[in-house]
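Summary of the model geometry
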Amino acid sequence: MQRDFITRSNETFAAIAGWSFDHRWWVVVLAVLMLSGSMFLAGKARVDSSFEAYFDPQDPAFLAYEKYQEDFGSDEISYILYEAPGTEHGAFDLEVMRKILQLTEAIEDEVPFIYEVTSLANAELMVGVEGGIDIQKLQDDLPETQEELLALRARYLAKPMLVGGLVTGDGAYAALILEMDRTSTDPLDEIRLDPEGGDGLDNLYPQVTDNKIQEILARPEYAGIDFYHSGDVPLNAIFNVVLEEESVTLGLATAGVIALVLLFFFRSVVGVLAPTIVVQMSVIACVAFIAAVGWSLDLSFGSIPTLLTAIGVAHSVHILSEFRARLVDIGDRREALVQTLYLVGTPCLLTSITTAIGFWAMSFVPIKSISHMGIYSAFGVMMAFVLSLTLLLALLSFGRRVPRKAASETQRIHAKGGRVVQAVLTATAAFTIRFRRPILVASALVLVFSVVGITQLVADSNWLNDFSDRMPIKHTTIKVDEVMGGVTNVILLFDAGEPEAIKEPAALREIERIQAWSSQQDIVRKTYSIVDILTDLNQSFHADDPAWYRLPETRDLVAQYLLLYETAGGSETDDYVSSDYQRASLELRLKLDMTSKTADLLEGLEAEIAKQPLEATQMTVTGMGALWVILLDYIVASQLQGFLLAFGVISVLMCLLFRSVLAGTIAMLPNLAPILLTLGLMGWLGILLDYSKAIIAAVALGIAVDDTIHLMSRIRYEFQRCGNYAEALRESIMDVGRALVITSIALVLGFLVLLLSVLDAQSVQGLLLAGTIVVALVADFLLMPALVITFQPFGPEGVKAVPQSEELREAA
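These notes cover the structure that comes with them. (Residues numbered from 1 in each chain as written. Predicted model: local features only at pLDDT ≥ 70, side-chain atom pairs only at ≥ 80, totals over all residues. Heavy atoms only, no water.)

Right, let's talk about the overall build of the protein chain for a bit. Summing up its helical and strand segments, the protein chain has 26 helices and 12 strands in all. Along the three orthogonal principal directions, the C-alpha set of the protein chain runs to about 110 × 55 × 45 Å. Here the protein chain holds 812 residues, and 59% of them are scored as buried. Taking all contacts inside the protein chain whose residues are at least 6 apart in sequence as the whole, residues at least 24 apart take part in 80%. As displayed, the protein chain has an accessible area near 31,900 Å², and 59% of this comes from carbon and sulfur atoms. (Helix = DSSP H or I, 4+ residues; strand = E, 2+ residues; numbered from the N terminus. Buried < 20%, exposed > 50% of the residue type's maximum accessible area, 1.4 Å probe, protein only. Contact = heavy atoms within 4.5 Å. Areas by Shrake-Rupley, 256 points an atom, 1.4 Å probe, with all protein chains shown as cover.)

Right, here's the structure in full:
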């Protein structure tokens with residue numbers, strides 16, 4: 001037989017097996033040293049669940065967002081909605097107001113990383129007085145009687161800037177808005193509570209901030225008030241906890257499930273412990289890599305320990321399955337390891353490369369967290385391969401080299417999967433050979449079904465859908481949105497071109513026009529801008545006459561009003577204009593809805609401006625809502641780009657591997673089926689393509705092709721031995737098939753562990769990947785053999801190569 005790449009590679013891996021056996025203690029020592037170093041680095045990994053983790057620092061949309069933050073500070077908030085059930089006057093009950101005043105002061109004094117707290121107790125109430133205005137706050141002069149407070153109630157509810165954000169129109173609900181002076185992506189030394197307290201979550205923002213808020217709200221002095229705490233701080237804090245806890249618990253659960261699968265099929269302590277050690281070391285090495293390059297454990301990391309555990313065990317299964325069969329046949333442990341790696345070493349290398357390519361293909365997408373995930377996951381996959389071919393073999397080498405007695409027939413049958421597995425594999429091979437044409441026809445029909453479903457696939461998202469109904473924060477956030485609205489936002493940034501220019505009436509009128517248009521849109525719950533302050537000032541100067549709730553007519557009057565406002569103690573202009581009065585922000589608070597609705601809003605805004613272009617200002621769109629829209633565009637591009645790149649690279653690799661375009665094409669077609677069927681079912685079932693599913697096609701392709709490589713390589717090997725496709729197929733399925741069944745069961749059950757996650761995004765991802773693996777196994781057992789028998793990619797029948805016994809003798 002021609003000494004092609006596969007043959008030379010087989011011989012190299014056989015030599016590695018012999019070396020690992022002969023130097024097994026050195027391998028174990030090196031593995032322990034690697035584990036120690038990995039654990040040290042992994043301990044330095046930082047958790048980052050912030051939305052900014054999705055964007056590259058040089059992304060234009062993110063740069064615009066950062067520019068906004070430079071002018072107006074962090075936009076991260078905690079939003080505490082509250083009600084006082086059983087009280088007649090709701091938020092304006094005097095006793096309730098006293099408690100809220102006390103709560104406001106407690107939060108200001110005790111909660112770390114707070115920039116400002118706004119509540120009814122300290123909200124600015126502008127009142128016109130002779131010669132100017134007076135800014136009144138309840139905290140400065142809280143009424144002593146309920147009647148006095150009710151007299152003020154009407155004045156507060158008459159202020160448009162307060163209603164809908166700080167208090168409902170009927171006064172039944174009110175809120176505290178806690179603005180932060182930090183963001184989740186700030187450097188570590190800026191978000192530590194205790195500079196010497198380490199980098200655990202309990203010493204970092206937003207965890208310490210959220211924990212203190214929760215502790216304050218639970219105090220007995222606030223009994224009788226129901227609080228609903230949502231916003232960036234609690235959401236990010238909960239994500240941090242979930243990521244940290246589930247990356248461990250789900251990873252261990254996956255390892256436990258897979259250990260049970262291995263125990264069931266191999267009935268061996270070593271057969272369970274050795275693969276478990278290998279995959280867990282791979283996961284730890286992956287986390288160490290993340291810390292070493294300065295990245296964070298972000299929102300894309302949550303399912304990676306489970307994925308790596310499930311994927312990494314596949315090599316171990318193939319090695320264990322082949323080793324057990326060889327050991328009972330030849331009765332020599334070293335030779336069994338050598339022959340095992342001769343047969344499965346190259347397929348394991350190739351499957352690792354293709355799986356790594358599936359992940360690596362995602363490193364080119366514009367979503368930063370997914371791009372990073374593609375790189376560190378590919379690293380984890382290759383680490384699992386290296387450890388499988390060194391540490392696993394070293395662990396298997398321990399024990400008597402030659403068994404005391406020859407294996408019984410029962411042991412031989414069990415080593416090859418048992419009678420049930422053998423019967424199923426025999427029937428599968430016979431079915432495929434007999435019904436290859438109906439299989440091809442059925443596959444074509446499934447393809448048509450899938451393509452039609454893909455045409456109905458919709459790219460859309462709603463970040464709240466990440467949370468399962470088991471999480472209280474989801475219900476709290478929905479409650480806040482229903483009562484007050486505006487959990488997310490879009491920021492319109494107006495630049496007047498030069499300092500002080502935002503005071504020009506022309507610039508202010510443009511902001512007012514866009515604000516008025518935005519307020520009429522269904523998705524917009526509340527708007528805020530400098531226009532609100534100026535119109536309130538103008539009305540206050542004219543005895544609160546509603547007719548004067550409009551912008552001042554001249555720049556000088558605007559300047560005078562603002563000067564008087566600041567002199568009277570007003571400070572809210574800092575939230576809406578830059579310090580040099582060149583830029584102003586218009587904040588649109590949006591109700592919870594699909595990202596496509598926000599995209600429709602921005603398209604409508606673009607059309608409105610096209611009808612009447614801005615002349616005095618230039619407008620930039622930013623804010624969380626706008627970034628979600630951009631992320632939605634990235635999702636579509638990521639799914640297509642990642643899949644095409646992975647498919648193209650893996651296809652070329654298959655053609656080079658088998659030295660045939662026909663063989664490479666046949667190897668790839670069965671792997672298109674599960675991907676297309678999964679995406680097609682998503683379309684038929686109305687499952688949205690969002691950021692959590694952007695990786696599915698490319699990653700599933702990298703995983704699904706693994707079984708194909710093992711089976712296709714063995715069919716090629718057996719065909720060169722016997723010269724008959726039907727016999728080669730039967731031998732390959734009987735030999736490799738048992739490992740494919742075990743690895744598929746392990747993968748499916750491993751991915752299904754994600755159903756235990758409290759994040760629905762991870763649960764759905766696990767379910768889709770599990771379904772893809774099932775379809776991939778069916779395609780490998782039915783479609784791929786049918787294509788091989790029909791198109792004969794390895795040449796005509798009747799030509800034999802070197803006998804199998806001679807090859808294995810050379811390998812040993």
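That shown, we press on.
Another point: the packing of aromatic side chains. Scanning the model with the defined rule gives 16 aromatic pairs in all. Between Phe289 and Phe379, the aromatic rings sit 4.6 Å apart at their centres with planes inclined by 20°, giving stacked as the arrangement. Taken as a pair, Phe289 in helix H9 (residues 269-292) and Phe379 in helix H12 (residues 368-397) lie far apart in primary sequence, 90 residues in all. We classify Phe379 as partly exposed; its relative accessible area is 28%. (Phe/Tyr/Trp six-rings, centres within 6.5 Å; stacked < 30°, edge-to-face > 60°.)

Next up on the list: the pairing of strand E9 (residues 488-495). Among the eight residues that make up E9, seven are buried, leaving the element largely enclosed by the rest of the structure. The pairing of E9 with strand E12 (residues 618-622) spans five bridges and is antiparallel. Considered in E12, the bridge of Asp495 is made with Gln618. (Pairing = 2+ DSSP bridges.)

Packed helices, taken two at a time, are described by the angle their axes make and the gap between the axes. Direction vectors running N to C along helix H11 (residues 333-360) and H12 enclose 175°, while the axes themselves pass 9 Å from each other. Relative to H12, the element H11 is oriented roughly antiparallel. Every residue of H12 that contacts H11 at Arg333, Leu337, Leu341, Gly345, Cys348, Leu349, Ser352, Ile353, Thr355, Ala356, Phe359 and Trp360 is listed here: Met373, Gly374, Ser377, Ala378, Val381, Met382, Phe385, Leu389, Leu393, Leu396 and Ser397. Looking at side-chain class alone, the contact of H11 with H12 contains 16 nonpolar, six polar and one charged residues. (Axes fitted to C-alpha atoms, helices over the stretch in contact; angles between N-to-C directions. Parallel < 35°, antiparallel > 145°, perpendicular 65-115°, else oblique. Nonpolar A, V, L, I, M, F, W, Y, C, P; charged D, E, K, R; others polar.)

Together, Val448, Phe449, Val452, Leu681, Trp684 and Leu685 make up a nonpolar patch on the protein surface, roughly 540 Å² of accessible area in all. For the nonpolar patch, the secondary structure elements donating two or more residues are helix H15 (436-454) and helix H22 (661-685). Relative to the assigned elements, Phe449 resides in helix H15. (Patch = residues over 30% accessible without salt bridge, like charges linked within 9 Å, V, L, I, M, F, W, Y side chains within 5 Å. Salt bridge = Lys/Arg side-chain N within 4 Å of Asp/Glu carboxyl O.)

Looking now at the sheet that holds strand E6 (residues 173-180). Reading across from one edge, E3-E6-E2-E7 is the order of the four strands in this open sheet, with antiparallel pairing throughout. Single-partner strands in this sheet number two, and they are strand E3 (114-118) and strand E7 (226-231). Neighbour-to-neighbour, the strand axes of the sheet open up by a mean angle of 20°, direction not taken into account. Here six bridges tie strand E2 (residues 77-83) to E7, and the two strands are oriented antiparallel to one another. Each residue of the ladder has a partner; that of Tyr79, found in E7, is Ser230. In the packing of helix H4 (residues 94-110) onto the sheet, the strands contacted are E2, E3, E6 and E7, and the crossing angle to E6 comes to about 10°. Along the sheet, helix H16 (residues 472-483) makes contact with E2, E6 and E7, crossing E7 at roughly 95°.

Next up on the list: the sheet that holds E9. In space, the four strands of this open sheet follow the order E10-E11-E9-E12, with antiparallel pairing throughout. Bordering the open sheet on either side are strand E10 (524-528) and E12, each of which pairs with just one other strand. Ignoring strand direction, the axes of neighbouring strands in this sheet form an average angle of 20°.

On to unusual backbone geometry, then. Most peptide bonds adopt trans geometry, and most residues besides glycine take a negative phi value. Omega for the peptide link from Tyr205 to Pro206 comes to 5°, which places this bond in the cis form. Locating Pro206 in the fold gives a position in the loop between helix H6 (188-191) and helix H7 (207-217). Residues other than glycine seldom take positive phi values, yet Phe113 does so here, at roughly 65°. The topology assignment puts Phe113 in the loop between H4 and E3.

Below, the discussion takes up the environment of Leu101. Topologically, Leu101 is positioned in helix H4. Accessibility expressed as a relative area gives 14% for Leu101, which makes it buried. Separated by 230 residues in the primary sequence, Leu101 and Gly331 place their C-alpha atoms 82 Å from one another. Setting aside chain neighbours within four positions, we find Leu101 in contact with Ala121, Gln139 and Leu142.

Right, let's get into the nonpolar core. Core analysis: the largest hydrophobic core is formed by 203 residues, its most contacted members being Tyr82, Ile107 and Leu120. Counting residues per element, this core draws most heavily on helix H23 (residues 696-722), at 14 residues. Those residues in contact with Leu120 that lie beyond four places of it in its chain are Tyr82, Ala91, Phe92, Met97, Leu138, Tyr156, Leu166, Val167, Ala174 and Ala175. Of all hydrophobic cores here, the second largest spans 42 residues; its members include Ile133, Tyr576, Leu605 and Val629. (Core = buried A, V, L, I, M, F, W, Y, C linked by side-chain atoms within 4.5 Å.)

This part takes up the pattern of salt bridges. By the definition in use, this model includes 23 salt bridges. Residues Lys474 and Asp469 are paired through a salt bridge, measuring 3.1 Å at the closest nitrogen-oxygen approach. On the basis of relative accessible area, Lys474 is assigned to the buried category, the value being 11%. For Asp469, a relative accessible area of 52% puts it in the exposed group. Two residues, Arg513 and Glu608, come together in a salt bridge whose shortest N-O distance is 3.3 Å. One end of the pair, Arg513, is in helix H17 (residues 505-519); the other, Glu608, is in helix H20 (residues 595-611), with 95 residues separating them in the sequence. For the residue pair Arg513 and Glu608, the accessibility class agrees, reading buried in each case. Sharing partners across several salt bridges, the network here consists of Glu322, Arg326, Arg714, Asp735 and Arg738.

This part covers helix H8 (residues 232-266). Its 35 residues give H8 an end-to-end C-alpha distance of 49 Å, which sits within 8% of 51 Å, the value for a rise of 1.5 Å per residue. Glu246 marks the point of greatest bend in H8, at about 35°. After H8 finishes, the residue Arg267 shows a positive phi value of roughly 50°. (Expected span 1.5 Å × (residues − 1). Bend = angle between axes of the 7 residues up to and from the residue.)

Right, let's get into H17. If you check H17, its first and last C-alpha atoms are 20 Å apart, about what 15 residues at 1.5 Å a residue would give, namely 21 Å. When we look at burial in H17, the residues that qualify are Pro505, Ala507, Leu508, Glu510, Ile511, Arg513, Ile514, Gln515, Trp517 and Ser518. On the buried face of H17, the contacting elements are E9, E10, helix H18 (530-541), helix H19 (555-567), strand E11 (583-590) and H20.

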